[in-house]
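Each chain, letter by letter, is given below.
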Amino acid sequence: GHLGDLPLRTDSAYQKFLQFYAWLFFSPGIPVVYYGDEIGMTGGNDPGNRNMMQFSGLTPKQTEFKNKVSELAKLRTGSMALCYGDYKVITCNDSQVVVARRYLNELAVIAINRGSEALVYAASQPGALYPLIAEFGGEPKATWSAGFEDELIRMREGFFVPPGKSVIHIYSKK
């Protein structure tokens, strides 16, 4: 067990938790959210391993976090590729991963960057991702990102994921 409270107080802690949730909602299977996790509640020693649910008085960070988790849940329920799609790892190393899921006329792509350098995946870069995206028209119908919307670069030209961030794009054939 834990020897003390586990604070979730820093921006980087929330970002890491959002990366986890992006992966959870993107992965095959049914995502499970334990009560309080959607606002970043932490546990501690018994008997305080989980306090009473906090329904009001959320901090701005907790509210932002809750909204991002809610967006992921809506993205998941609205995407056949995320619910039923096959699973193909495009690239994976110690700090960065790009995975695609495809089901019938829909494609979902996730890019997670846990590293200290930006993840840049250029359209001209050889690999299995861009023929898939081209087949689906090149422009995503939906996008989710963990707090860097102003820095998003559409995947038609390639994409850029800052250190410690993640993004999900959903494509649909017309």
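Our structure's up above, just so we're on the same page.
Read on for an overview of the structure. (Residues numbered from 1 in each chain as written. Predicted model: local features only at pLDDT ≥ 70, side-chain atom pairs only at ≥ 80, totals over all residues. Heavy atoms only, no water.)

1. Re the overall build of the protein chain
Part 1 of the reasoning: Scanning the protein chain from N- to C-terminus turns up four helices and seven strands.
Part 2 of the reasoning: Mapped from its N terminus to its C terminus, the protein chain presents α and β elements in the order α-α-α-β-β-β-β-α-β-β-β.
Part 3 of the reasoning: Counting all 174 residues of the protein chain, 42% fall into the buried class.
Part 4 of the reasoning: A fraction of 60% describes how many contacts in the protein chain between residues 6 or more apart in sequence connect residues 24 or more apart.
Part 5 of the reasoning: For the protein chain, the accessible area works out to roughly 9,500 Å², and carbon and sulfur atoms hold 56% of it. (Helix = DSSP H or I, 4+ residues; strand = E, 2+ residues; numbered from the N terminus. Buried < 20%, exposed > 50% of the residue type's maximum accessible area, 1.4 Å probe, protein only. Contact = heavy atoms within 4.5 Å. Areas by Shrake-Rupley, 256 points an atom, 1.4 Å probe, with all protein chains shown as cover.)

2. Here we look at the packing of aromatic side chains
Part 1 of the reasoning: Taken as a whole and judged by the stated rule, the model has 10 aromatic pairs.
Part 2 of the reasoning: With centroids separated by 5.3 Å and ring planes inclined at 15°, the aromatic side chains of F17 and F65 adopt a geometry described as stacked. With a gap of 48 residues between them, F17 in helix α1 (residues 11–26) and F65 in helix α2 (residues 60–77) connect regions that are remote in the sequence.
Part 3 of the reasoning: Residue classification places F17 among the buried residues on the basis of a relative accessible area of 19%.
Part 4 of the reasoning: Cluster of aromatic residues (ring-pair linked, three or more members): Y14, F17, F20, Y21, F25 and F65. (Phe/Tyr/Trp six-rings, centres within 6.5 Å; stacked < 30°, edge-to-face > 60°.)

3. Considering α2
Part 1 of the reasoning: With 18 residues, α2 should reach 26 Å at 1.5 Å per residue; the first-to-last C-alpha distance of 26 Å fits that figure.
Part 2 of the reasoning: Buried positions along α2 lie against α1, α3 (80–84), β2 (96–103), β5 (142–145) and β7 (165–172). (Expected span 1.5 Å × (residues − 1).)

4. What to know about the packing of α1 against α2
Part 1 of the reasoning: Where α1 meets α2, the closest approach of the two axes is 10 Å, and the angle between their N-to-C directions is 10°. Accordingly, the angle class assigned to the pair α1 and α2 is roughly parallel. The element α1 and its partner α2 pack so that their crossing is right-handed. Touching D11, Y14, F17, L18, Y21, A22, L24, F25 and F26 of α1 are K61, Q62, F65, K68, V69, L72, A73 and R76, all from α2. (Axes fitted to C-alpha atoms, helices over the stretch in contact; angles between N-to-C directions. Parallel < 35°, antiparallel > 145°, perpendicular 65-115°, else oblique. Left-handed = near helix turned anticlockwise from the far one by under 90°.)

5. Examining the environment of K173
Part 1 of the reasoning: Residue placement: K173 occurs in the segment after β7.
Part 2 of the reasoning: For K173, a relative accessible area of 31% corresponds to the partly exposed category.
Part 3 of the reasoning: Spatially, the C-alpha atom of K173 lies 9.8 Å from that of I133, the residues being 40 residues apart in sequence.
Part 4 of the reasoning: Reaching out from K173, the side chain makes a polar contact with the side chain of E135 at a distance of 2.8 Å. (Polar contact = N/O pair within 3.5 Å; in protein donor to acceptor, adjacent residues only side chain to side chain.)

6. Overview of α1
Part 1 of the reasoning: Relative to the 22 Å expected for 16 residues at 1.5 Å per residue, α1 spans 22 Å between its end C-alpha atoms, a close match to the ideal helical length.
Part 2 of the reasoning: Taken together, the buried positions of α1 are occupied by A13, Y14, Q15, F17, L18, Q19, Y21, A22, L24, F25 and F26.

7. Section: the pattern of salt bridges
Note on pairing: side chains with opposite charge can pair once their charged atoms come close.
Part 1 of the reasoning: One pass over the full model with this rule turns up five salt bridges.
Part 2 of the reasoning: A salt bridge links K68 to E71; its shortest N-O distance comes to 3.5 Å. In this pair, K68 and E71 are both assigned in helix α2, three residues apart and thus about one turn of the helix distant.
Part 3 of the reasoning: The class for K68 is buried, based on a relative accessible area of 8%.
Part 4 of the reasoning: For E71, a relative accessible area of 37% puts it in the partly exposed group.
Part 5 of the reasoning: With its nearest N and O atoms 2.8 Å apart, the salt bridge here joins K141 to E106. Pair noted here: K141 is in the loop between α4 (129–135) and β5 and E106 is in strand β3 (residues 106–113), with a separation of 35 residues, a long-range link. (Salt bridge = Lys/Arg side-chain N within 4 Å of Asp/Glu carboxyl O.)

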